[in-house]
Amino acid sequence: MKKLLLFSLLLSVIISCNENKKTSNTSTEPEQSIDKKWWKEAIVYQIYPRSFQDTDGDGVGDLQGIINRLDYVKDLGVTAVWLNPIYSSPNDDNGYDVSDYRNIMSDFGTMEDFDTMLSEMHARDIKLVMDIVVNHSSDEHPWFKESRSSRDNPYRDYYHWWPAEKGEPPYRYSLFDAEGNAWKYDEKTDAYYLHYFSQKQPDLNWENPKVRQEVYDIMTYWAEKGVDGFRLDAFQFAAKDTTFPEFPKGFEKNFIQYYAMQDGLHDYLKEMNEQVFSKYDVMSVAEGAGRTLEEAHELVDADRNEINMAYAFDGVDIPKAEGYKLSTFKETFSKWDSAFADKGWISIFLSNHDQARMVSRYANDSLPYRAPSAKMLNTFILSMRGTPYCYFGDELGMTNNPKLQNIEDYQDIAAINGYKKAKSQGEDMETFIQNLRFGSRDHGRTPMQWDASEHAGFTSGNPWLPINPNYVDVNTEAELADKNSVLNHFKKMTALRRGSDVLIYGDYALLLPEHPHVHAYTRSLGDEQFLVILNFSKEKVSVILEELGNFSELKINNYSNLNKKANELQLEPYQAVILAKS
Ligand code: NOJ
């Protein structure tokens, strides 16, 4: 805490102002100048391409499907799309195992489709953020094929190898391996290679300058095509101590401390910035945000020329199954906000392709609460400071899928290998399955629900993951037609955010920190102020707030009624209200 305080004191408050990018609709110019950037003002919509829209009947989404749905995306009011990897891949980890970084996965289409998609996005003023997967490649990438072919191959040092004559390599933990070991013995050259993820995802050797140059060239290739940003997958793990010292026994329980942000990482980011980011008007976000707030700052401090925004996991590391507490949620988001109040920038999200559905994790996916609670969570994401990332389907209030019951129903390598590992270690498999039913990544990957026709309008074939049976009611067609739907609430929120500098740049202040059910805060910029009040429970609750009287303009309400008297507000279950100072 003391360290943090000292650190905050040291933070410079020199904030530059870019008048050209100004989109302010504030009546009075705020006193402080604001460092405006398009990526701070962006509302990011994350599309998992495999699950968005299939057009060729193979049960897997494709780029043509995204193109067909761009009017829908535009109509949501989002301004950028983050697309999970679409490069050639044998799909051991659904595209996070790349075999050709300059080509499109055949399941998804062709480079021509990509070019059309990008220009159609730009025609609608939608930016595109690409997922760059360069902590590792696929074992089917030509670099790895060369690398494993002989010890003196020029590509040998593109990966990490441990010759067998040195004995067993020091233990490294693999996140996806069924046996848990990140070293895999390869007979051809009698050596082990390193894979922090699956055996088909060998880690690239970032300490080799040739590897780094290859990556910058790949990024330049996409930047030249006109993409608007990069999300750096697992990048915190890229730098490694290649002497491979022994780590203490049991280190895997806290492996992030040993894997993330190792020496060299900042240098690589600076180099990437110099070679790529600085040459284009692109946004950059790395998965994860260091091990401490200080490290997160170092990554995104504009003066250091590394990346634009932190993407921290603390907020999604507090699922309900493990005793979700609103107090922890409030503390976490408030802590991250205050640490970046003067300098740096963060991302706000409650779900992505590595998480189960947010309404099932943070709120209530059963009737009659699903709709109000999904609206409440979207109100939260779109009213915090930081760039909001909205995961496809959350605008509808899509939920965890009850069809994912037994291990045979899952497709995710993390679930399948995790199951094998747990079984071999004698874990309680009933608990393991319960955890999957609550938190598996596959819940966030079941197909988009477009309409009430067979397979929810996602495919004419056999969907790669089961469609959630609630698609009959929870689908875009039905929700577009219902003015009180989660979808229409989402659109109101994006419209409000796009038009309000106060929601983008305004200061955040937590109110009622002790309230067990309500998250309330103000956002303030100049003389503008919004009050956000969110009931995170299925109870009707009452809040007493001195400042309530100052806020009389109702901006957002996910119910038709508002029970407000003097300084007291009676809230319905999961009610979400935004009021403005008049
Ligand atoms: C993080 C990605 O978000 C996840 O989906 C993937 O499995 C791992 N990195 C490995 O690339």
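Residues numbered from 1 in each chain as written. Predicted model: local features only at pLDDT ≥ 70, side-chain atom pairs only at ≥ 80, totals over all residues. Heavy atoms only, no water.

Turning our attention to the side chain of Asn273. In this fold, Asn273 is placed in helix H9 (residues 265-275). Judged by relative accessible area, Asn273 falls into the buried class, the value being 12%. Here Asn305 takes part through its backbone oxygen, which lies 3.2 Å from a polar atom of the side chain of Asn273. Aside from chain neighbours lying at most four places away, what touches Asn273 is Ser278, Asn305 and Glu306. (Helix = DSSP H or I, 4+ residues; strand = E, 2+ residues; numbered from the N terminus. Buried < 20%, exposed > 50% of the residue type's maximum accessible area, 1.4 Å probe, protein only. Polar contact = N/O pair within 3.5 Å; in protein donor to acceptor, adjacent residues only side chain to side chain. Contact = heavy atoms within 4.5 Å.)

As far as domains go, the protein holds domain 1 (38-135 + 209-494), domain 2 (142-194) and domain 3 (506-581). Look at where the C-alpha atoms of domain 1 and domain 2 centre, and you get two points 29 Å apart. If you look at the interface, domain 1 gives 25 residues, while domain 2 gives 19 residues. For the pair domain 1 and domain 2, the two sides together bury roughly 1900 Å², of which 66% comes from carbon and sulfur. Taken as a group, Glu214, Phe244 and Lys421 account for 29% of the area that domain 1 buries against domain 2, more than any other trio of residues on that side. At the boundary of domain 1 and domain 2, one finds zero salt bridges. Scanning the region where domain 1 abuts domain 2 turns up four residue pairs in polar contact (both at pLDDT 80 or more). Sorting the residues of the side of domain 1 that touches domain 2 by element identifies helix H7 (209-225), helix H8 (255-259) and helix H14 (413-424) as the ones contributing at least two each. With five residues, the single largest contributor to the side of domain 1 that touches domain 2 is H14. (Domains from an automatic or database assignment. Buried area = accessible area lost by both parts, 1.4 Å probe. Salt bridge = Lys/Arg side-chain N within 4 Å of Asp/Glu carboxyl O.)

Another point: the packing of aromatic side chains. Scanning the model with the defined rule gives 54 aromatic pairs in all. Pairing Trp161 with Tyr193 gives two aromatic rings, centres 5.6 Å apart and planes at 70°, and the pair type is edge-to-face. Taken together, the positions of Trp161 in strand E6 (residues 161-163) and Tyr193 in strand E8 (residues 191-194) put the pair 32 residues apart, joining distant regions of the chain. Taken individually, Trp161 and Tyr193 each receive the classification buried, so the pair is uniform in this respect. Site record: aromatic cluster; members linked through ring pairs are Tyr171, Tyr173, Phe176, Tyr196, Phe197, Phe237, Phe247, Phe251, Phe255, Tyr258 and Tyr259. The lysine or arginine in question, Arg156, covers the ring of Trp161, its NZ or CZ lying 4.0 Å from the ring centre. Of note, Arg357 hangs over the ring of Phe392, and the distance from its end group to the ring centre comes to 5.0 Å. (Phe/Tyr/Trp six-rings, centres within 6.5 Å; stacked < 30°, edge-to-face > 60°. Lys NZ or Arg CZ within 6 Å of the ring centre and 35° of its normal.)

Moving on: the nonpolar core. It is characteristic of soluble globular proteins that their nonpolar side chains tend to be buried jointly. With 174 residues, the main nonpolar core has Phe114, Phe230 and Leu232 as its most contacted residues. Looking at this core element by element, the count peaks at seven residues for H7. Apart from residues lying up to four places away in sequence, Phe114 is in contact with Leu63, Ile86, Ile104, Leu128, Met130, Trp222, Lys225 and Val227. Within the second largest apolar cluster, 14 residues are counted, among which are Leu511, Ala520, Ile533 and Leu569. (Core = buried A, V, L, I, M, F, W, Y, C linked by side-chain atoms within 4.5 Å.)

Per the stated rule, a full pass over the model turns up 33 salt bridges. Between Asp115 and Lys225 there is a salt bridge, and its shortest N-O distance comes to 2.8 Å. Note that Asp115 is positioned in helix H5 (residues 111-123) and Lys225 in helix H7, a separation of 110 residues in sequence. Classification of Lys225 by relative accessible area gives partly exposed; the value is 25%. Among the salt bridges present, the one from Glu287 reaches Arg231, with a minimum N-O distance of 3.3 Å. Residue Glu287 is located in the loop between strand E10 (283-286) and helix H10 (293-300), and its partner Arg231 is located in strand E9 (residues 229-233); the two are separated by 56 residues in the primary sequence. Assigned by exposure class, Glu287 and Arg231 land together as buried. Three or more residues joined by partner-sharing salt bridges are found here, namely Asp93, Asp354, Asp412, Arg441 and Arg445.

The next point concerns unusual backbone geometry. Only a minority of non-glycine residues have a phi that is not negative, and only a minority of peptide bonds are not trans. Along the chain, Leu367 connects to Pro368 via a cis peptide bond; the corresponding omega equals 0°. Mapped onto the secondary structure, Pro368 falls in the loop between helix H12 (358-362) and helix H13 (370-381). The phi torsion at Ala456 lies on the positive side, around 60°, for a residue other than glycine.

Attention shifts here to the sheet that holds strand E16 (residues 541-544). Taken together, the three strands give an open sheet; going across it, the order is E16-E19-E18, and neighbouring strands pair in antiparallel fashion. Among the strands making up the open sheet, the edge pair consists of E16 and strand E18 (563-565). For this sheet, the mean inter-axis angle between neighbouring strands, taken without regard to orientation, is 15°. Alignment of E16 against strand E19 (residues 568-571), held across four bridges, turns out to be antiparallel. When the sheet's bridge partners are listed, Ile544 is paired in E19 with Glu568. (Pairing = 2+ DSSP bridges. Axes fitted to C-alpha atoms, helices over the stretch in contact; angles between N-to-C directions.)

The N-to-C vectors of H14 and helix H15 (residues 429-439) enclose an angle of 165°; their axes lie 10 Å apart at closest approach. With respect to each other, H14 and H15 are oriented roughly antiparallel. When the axes of H14 and H15 are compared, the crossing they make is right-handed. Here Ala415, Gly418, Tyr419, Ala422 and Lys423 of H14 lie close against H15, whose contacting residues are Met429, Phe432, Ile433 and Leu436. (Parallel < 35°, antiparallel > 145°, perpendicular 65-115°, else oblique. Left-handed = near helix turned anticlockwise from the far one by under 90°.)

Across the sheet, which stays open at both edges, the five strands sit in the order E13-E14-E15-E20-E17 with antiparallel pairing between neighbours. A single partner strand is all that each edge strand has here, and the edge strands are strand E13 (507-511) and strand E17 (551-557). The average undirected angle you get between the axes of adjacent strands in this sheet is 25°. In terms of strand pairing, strand E14 (residues 518-525) meets strand E15 (residues 528-535) through eight bridges, oriented antiparallel. Note on E15: the bridge partner recorded for Leu525 is Glu528.

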